[in-house]
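# Chains, contacts and geometry: an overview
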Amino acid sequence: MKDHMIRGTGFGSQVRFFAASTKETVEEARRIHDTYPLCTAALGRLLTAGAMMGAMGKNDTDIITLRIDGDGPIGGITVTADSHAGVKGIIYNNHVELPLRADNHLDVGRGVGKGTLSVIKDFGMKDPYVGQTLLHSGEIAEDLTYYFAESEQIPTSVALGVLVDTDCSVKQAGGFIIQMMPFASDETVSIVEKNLSQFGSVTNSFENGNSVLEMIKNIIPDAEIESDIPVKYFCNCSRDRVRRALESLGNKELQSMIDDGESVNLHCDFCNKDYLFTIDEIIDIKKTLNLQ
Ligand SMILES: [Zn+2]
């Protein structure tokens, strides 16, 4: 089963949902960033949230960035997603190990620590929208639930899960975001809350062979899918974009690179690609800049 995300409604449109399976995406992130299990779980949870929250945008070109800055050993995580469930991420410390929690789960909360969660929505306007809340547990799903309540005033339930296999590869990953519409009745709210309390976990549901829709039907029995799109780890860097970034440095900076006399290597932290520019190419970029 390939990674995908469904969105839709239930309870006669009183509830909307986003739900995703992200095993391949998180495994790709693990491969790129060489993460230890705790870091795979932390990064994977935020990537999964990003894939779903990116799809909440109204326009095709909207970009959302989720940033966690914590005082735990992980340090920080950044995830950027487009509106088509293409996600990429960076984790500051990829080799963090901590003892398992009492319930045998990876201790993401301690790995992240205390700090802030920022949600940056770039709608292509001059200034992006930035919402920031304090981290409540560092477990990420709970932190996002608080973010939606505090910053967007939307009653929301977020569940995220990454199950790491004994060989450190990703066995299961996914999550859901369930939101109450303003006109949801008290009865609907209490049914959803009851179903959520009996739900268990995302990774358990997948381990039991449930599809994404079957998982969501545990909480929203009449869930109807409005769209179903593939989720993927996607970095939009390219030689052209890096070249434009070099141009934007301006004459002085480019001249100083030329004076240094060494080729310049630019590294993409999201996908680990390297872009090497020789001095001749830098001279050429400077010439193009001065022709504009
Ligand atoms: Zn890249």
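Remember, predicted model here, so these are calculated numbers, not experimental data. (Residues numbered from 1 in each chain as written. Predicted model: local features only at pLDDT ≥ 70, side-chain atom pairs only at ≥ 80, totals over all residues. Heavy atoms only, no water.)

## Observations concerning the packing of helix 9 (residues 251-260) against helix 10 (residues 279-291)
For the pair helix 9 and helix 10, the least separation of the axes is 9 Å and the interaxial angle reads 160°. On the basis of their axis angle, the class for helix 9 and helix 10 is roughly antiparallel. Here helix 9 runs over helix 10; the crossing is left-handed. Note on element contacts: helix 10 touches helix 9 through I279, I282, I283, I285, K286, L289 and N290, opposite N251, L254, Q255, M257 and I258. Class assignment of the residues belonging to the contact of helix 9 with helix 10 gives a composition of eight nonpolar, three polar and one charged. (Axes fitted to C-alpha atoms, helices over the stretch in contact; angles between N-to-C directions. Helix = DSSP H or I, 4+ residues; strand = E, 2+ residues; numbered from the N terminus. Parallel < 35°, antiparallel > 145°, perpendicular 65-115°, else oblique. Left-handed = near helix turned anticlockwise from the far one by under 90°. Contact = heavy atoms within 4.5 Å. Nonpolar A, V, L, I, M, F, W, Y, C, P; charged D, E, K, R; others polar.)

## Topic: the packing of aromatic side chains
Here the structure, examined in full by the defined rule, presents two aromatic pairs. For the pair Y147 and F148, a centre-to-centre distance of 5.4 Å together with 65° between the ring planes defines the contact as edge-to-face. Each member of the pair, Y147 as well as F148, is classed as buried. With centroids separated by 5.4 Å and ring planes inclined at 75°, the aromatic side chains of F176 and F199 adopt a geometry described as edge-to-face. (Phe/Tyr/Trp six-rings, centres within 6.5 Å; stacked < 30°, edge-to-face > 60°. Buried < 20%, exposed > 50% of the residue type's maximum accessible area, 1.4 Å probe, protein only.)

## Description of the sheet that holds strand 7 (residues 129-134)
Spatially, the six strands line up as an open sheet ordered 7-6-3-4-5-11, and their pairing is mixed. Only two strands of the sheet have a single partner each, and these edge strands are strand 7 and strand 11 (232-233). (Pairing = 2+ DSSP bridges.)

## Quick look at the coordination of the zinc ion
Note on metal geometry: ideal angles are 109.5 degrees for four donors arranged tetrahedrally and 90 or 180 degrees for six donors arranged octahedrally. Coordination sphere of the zinc ion, protein contribution only: C235 (SG), C237 (SG), C268 (SG) and C271 (SG), at 2.2 to 2.3 Å. Geometry at the zinc ion is tetrahedral, judged from its four donor atoms and the angles of 99 to 116° they form at the metal. (Donors = N, O, S within 2.8 Å, 3.2 Å for Na, K, Ca; no water. Tetrahedral: all angles 85-135°; square planar, octahedral: opposite > 155°, others 65-115°.)

## Description of the domain arrangement of the protein
Examined at the domain level, the protein breaks down into domain 1 (4-233) and domain 2 (239-291). Buried surface at the junction of domain 1 and domain 2, both sides included, amounts to about 490 Å², of which 67% is carbon and sulfur. By the criterion of area lost to domain 2, the three top residues of domain 1 are I32, K88 and I90, representing 71% of everything that side buries. In this assembly, domain 1 and domain 2 are joined by zero salt bridges. Taken together, domain 1 and domain 2 are joined by three residue pairs in polar contact (both at pLDDT 80 or more). Those elements giving two or more residues to the side of domain 1 that touches domain 2 turn out to be helix 1 (23-33), strand 4 (76-82) and strand 5 (86-91). In terms of residue count, strand 5 provides more of the side of domain 1 that touches domain 2 than any other element does, three residues in total. (Domains from an automatic or database assignment. Buried area = accessible area lost by both parts, 1.4 Å probe. Salt bridge = Lys/Arg side-chain N within 4 Å of Asp/Glu carboxyl O. Polar contact = N/O pair within 3.5 Å; in protein donor to acceptor, adjacent residues only side chain to side chain.)

## Remarks on helix 4 (residues 141-151)
Taken together, the buried positions of helix 4 are occupied by A141, D143, L144, Y147 and F148. Buried positions in helix 4, seen along its axis, are confined to an arc of 155° and lie on one side of it. Those residues of helix 4 hidden inside the fold are in contact with helix 2 (37-54), strand 6 (115-122), strand 7, strand 8 (156-164) and strand 9 (170-180). In the segment just after helix 4, Q153 is the residue with positive phi, at about 55°. (Arc of directions from axis to C-beta.)

## Focus on unusual backbone geometry
With a phi angle near 80°, I140 is a residue other than glycine that sits in the positive phi range. Here I140 lies in the loop between strand 7 and helix 4. The backbone of C168 shows a phi angle near 75°, a positive value even though the residue is not glycine. Here C168 shows up in the loop between strand 8 and strand 9. Note on C168: relative accessible area 30%, which makes it partly exposed.

## Here we look at helix 2
With 18 residues, helix 2 ought to run about 26 Å at 1.5 Å a step, and its terminal C-alpha atoms sit 25 Å apart, in line with that. Within helix 2, 17 of the 18 residues are buried, which leaves the element mostly enclosed by the surrounding structure. (Expected span 1.5 Å × (residues − 1).)

## Description of the nonpolar core
One broad rule of soluble globular proteins: the nonpolar side chains tend to lie buried together. M53, I74, I77, I140, L144, L160 and I177 are the most contacted members of the largest nonpolar core, which has 49 residues in total. The dominant element in this core, judged by the number of residues it contributes, is helix 2, at eleven residues. Of all hydrophobic cores here, the second largest spans 20 residues; its members include I178, F199, F206 and I216. (Core = buried A, V, L, I, M, F, W, Y, C linked by side-chain atoms within 4.5 Å.)

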